[in-house]
Amino acid sequence: MWARPAVAAEPWLLLAGPRVRWSLAALAPVGGRMEEPGPGDAPPAAKRRRLLAGEEKRPGHGERYVPPPRKRNPGVSFSEPHFAETRYYFEGGLRKVRPYHFDFQTYCKGRWVGKSLLHVFSTEFRAQPLDSYRAAASAGRLRLNEQPVRDLSVVLKNNDFLRNTVHRHEPPVTAQPIQILVENDEVVVVDKPSSLPVHPCGRFRHNTVIFILGKEHNLKELHTIHRLDRMTSGVLMFAKTAEVSKRIDEQVRQRQLEKEYVCRVLGEFPENEVTCEEPILVVSYKVGVCRVDPKGKSCKTVFQRLSYNGKTSVVKCFPYTGRTHQIRVHLQFLGYPIVNDPIYNMEAWGPTKGKGGEINKTDEELLRALVEEHRSKQSLSILDVSEEDLKPIVGSKECDHSGYCTKPVEIMPISADSCRTEDSKDQKEAEIQACLQNSDTRPETHEANPEGASSSGNQDGHTEEKDPLCEECKIVRQDPSPRELVMYLHALRYKGAEFEYNSKMPDWALEDWDES
């Protein structure tokens, strides 16, 4: 398995480990846009193989031949081969995905041109030893311009196309079904359960709203209008056409979309209306942490208390902007974090848990403390953070007798302008497009095991595929409980100029709800 870079600001998808991040930059050819090869551009297949193997030189060229970049489908839909990559199964209140082989692919990045694969691995992708990359090449998992690469000393060139076959393991999500609230010729509106990402990201692909709707409800070619955090439940809208998506997105840009959320917070929230306009800055995209900071982006959230039971309060939230984790960060700043927020209601923030912006830690110290707190609780899966992701944060597992890791953190700096917005159309479409392009318009679903893979049966009779190069196959992870996959934040209502969509109040927001 390939691990993602420890020092690169933007991960290279080809070398992603269990956790995957999508990047358009990793897909664009360095020399320009992708074009359909014309007649005579490429040599015959047999000669091409000899050229790539270095056994023959192309006339007039003294270097290895690189074919022109291929034309990609610019659409935003997934096809049947994508959905057929693997199957779901349900166990212990969880929806699970059977591990499957999958091809990551990318064009050569500009900074890799003229460098050997071995150099790239040793300088940018150090989370795994070089021997693991050599093993992947020996097993035929690595292909350069569709030809197996056995020798990592090969020098990369502009427009080189790289493909790597990896064994993917997806984290489980809640087995709670996705309820369809509205479906017509223009939109599909659903009530999203907590723990499901909207579209493929990180280690999630099939355990996403987009894939479940496509596979189980035959709802395909959907355009995301807005998005919700993975742990946030509630109203989620999709457009069936690009025209509808553009029309509603214009309302989002013009701040004409009214959003109403409900949450349950610690303590007795004030009875009077509370407005918070503190700016929010991203601390880490990898872990998914933000905080109030003067260098952050402007935000505004209005809060109204609905009830108080002596311990916790149910609060309605009206975000007028759409910054990442906006409601959660503002509630933490006010001193009323969401009861079971796995990030902003943690001891790692200090005695006051970040109230008033009081943290008294550097960003690096904060991230380390958050990771270590979840590690001690065996709840890292809730963060969707893999061991490969943690290495740049907490270093290697060189710990003292108390279990505290002593390696220094290595965090890439985040600029003040890097905060993503929940309703950013450009960001959202870029992520989806990157995901689609990495899936390829002609995805390869591996029905037969790659070289060296083996299988073993389990209790339900299914043959569980084992991959000798996959580190995840060697790890037995404890599943989260269904209750751990619920955060008490729910999108209750979305209203635009021509529509209004509502979901019912979640059980945990009812006044007579029993917290025990």
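Above: the structure in question.
On the secondary structure map, Gly 214 appears in helix H5 (residues 209-216). Separated by 132 residues in the primary sequence, Gly 214 and His 82 have C-alpha atoms spaced 9.9 Å apart. Setting aside chain neighbours within four positions, we find Gly 214 in contact with Phe 83, Leu 219 and Lys 220.

Further remarks concern the packing of helix H3 (residues 117-124) against helix H4 (residues 130-138). Two measures define how a pair of helices packs: the angle their axes make with one another and the distance between the axes. Following both chains from N to C, one finds H3 and H4 inclined at 145°, their axes separated by 10 Å at the closest point. In this structure, H3 meets H4 at a crossing whose hand is right-handed. From H3, Leu 118, Phe 121 and Ser 122 reach across to H4, where they touch Leu 130, Tyr 133 and Arg 134. Partitioning the contact of H3 with H4 into residue classes produces four nonpolar, one polar and one charged.

What follows covers the sheet that holds strand S4 (residues 142-144). One open sheet accounts for four strands, arranged S3-S6-S4-S5; its pairing is antiparallel. Two strands close off the open sheet at either side, each with one partner strand: strand S3 (100-107) and strand S5 (147-148). Here three bridges tie S4 to strand S6 (residues 161-168), and the two strands are oriented antiparallel to one another. Residue pairing across strands places Leu 144 opposite Leu 162, the latter belonging to S6.

Two elements, strand S1 (residues 88-91) and strand S2 (residues 94-97), share four bridges in a ladder whose sense is antiparallel. When the sheet's bridge partners are listed, Glu 91 is paired in S2 with Leu 94. Connecting the antiparallel pair S1 and S2 is a turn made up of two residues, with Gly 92 showing a positive phi of about 60°.

Take the side chain of His 490 next. In this structure, His 490 sits in strand S20 (residues 489-495). A distance of 2.6 Å separates a polar atom in the side chain of His 490 from a polar atom in the side chain of Ser 503. Discounting chain neighbours no more than four positions away, the residues touching His 490 are Asp 191, Thr 232, Ser 233, Gly 234, Glu 260, Tyr 261, Val 262, Ser 503, Lys 504, Pro 506 and Trp 508.

Turning our attention to the sheet that holds S2. Strand order across the open sheet formed by three strands is S1-S2-S7, with antiparallel pairing between neighbours. What marks the edges here is a single partner per strand, and that holds for S1 and strand S7 (173-174). Relative to S7, S2 runs antiparallel, the two being bridged by two bridges. Each bridged residue has a counterpart across the sheet, and for Leu 94 the counterpart in S7 is Thr 174. Across the face of the sheet, H5 comes into contact with S1 and S2 while running at roughly 105° to S1.

Tracing the backbone through its elements, the reader meets Asp 479 in the loop between strand S19 (463-466) and S20. A residue is classified by how much of its surface remains accessible, and Asp 479, at 37% relative accessible area, is partly exposed. Sequence separation of Asp 479 and Val 173 is 306 residues, and the distance between their C-alpha atoms is 9.7 Å. Residues in contact with Asp 479, not counting those within four places in the same chain, are Glu 91, Leu 94, Lys 96 and Pro 172.

Moving on, we get to the packing of aromatic side chains. Ring pairs (aromatic) are described by centroid distance and by the angle formed between their planes. Tallied over the entire structure, the rule returns 13 aromatic pairs. Here the aromatic cluster, defined as three or more aromatic residues joined through ring pairs, consists of Phe 78, Phe 83 and Phe 211. One cation-aromatic arrangement involves Arg 98 over Tyr 89; the distance from NZ or CZ to the ring centre is 4.1 Å. Its end group placed over the ring of Tyr 88, Lys 215 keeps NZ or CZ at 4.4 Å from the ring centre.

The next thing to look at is the pattern of salt bridges. A side chain of one charge can pair with a side chain of the opposite charge when the charged atoms of the two come close. Here the structure, examined in full by the defined rule, presents 31 salt bridges. A salt bridge links Glu 146 to Arg 163; the nearest nitrogen and oxygen atoms lie 2.7 Å apart. Residue Glu 146 is located in the loop between S4 and S5, and its partner Arg 163 is located in strand S6; the two are separated by 17 residues in the primary sequence. For Arg 305, the salt bridge goes to Glu 271, with nearest N and O atoms at 3.8 Å. Taken together, the residues span a long stretch of sequence, with Arg 305 in strand S16 (residues 301-308) and Glu 271 in the loop between strand S12 (258-266) and strand S13 (274-276) at a distance of 34 residues. Using a relative accessible area of 21% as the deciding quantity, one classes Arg 305 as partly exposed.

The rules we used
- Residues numbered from 1 in each chain as written.
- Predicted model: local features only at pLDDT ≥ 70, side-chain atom pairs only at ≥ 80, totals over all residues.
- Heavy atoms only, no water.
- Helix = DSSP H or I, 4+ residues; strand = E, 2+ residues; numbered from the N terminus.
- Contact = heavy atoms within 4.5 Å.
- Axes fitted to C-alpha atoms, helices over the stretch in contact; angles between N-to-C directions.
- Left-handed = near helix turned anticlockwise from the far one by under 90°.
- Nonpolar A, V, L, I, M, F, W, Y, C, P; charged D, E, K, R; others polar.
- Pairing = 2+ DSSP bridges.
- Polar contact = N/O pair within 3.5 Å; in protein donor to acceptor, adjacent residues only side chain to side chain.
- Buried < 20%, exposed > 50% of the residue type's maximum accessible area, 1.4 Å probe, protein only.
- Phe/Tyr/Trp six-rings, centres within 6.5 Å; stacked < 30°, edge-to-face > 60°.
- Lys NZ or Arg CZ within 6 Å of the ring centre and 35° of its normal.
- Salt bridge = Lys/Arg side-chain N within 4 Å of Asp/Glu carboxyl O.

Scope: geometric values only; no functional claims are made or implied.
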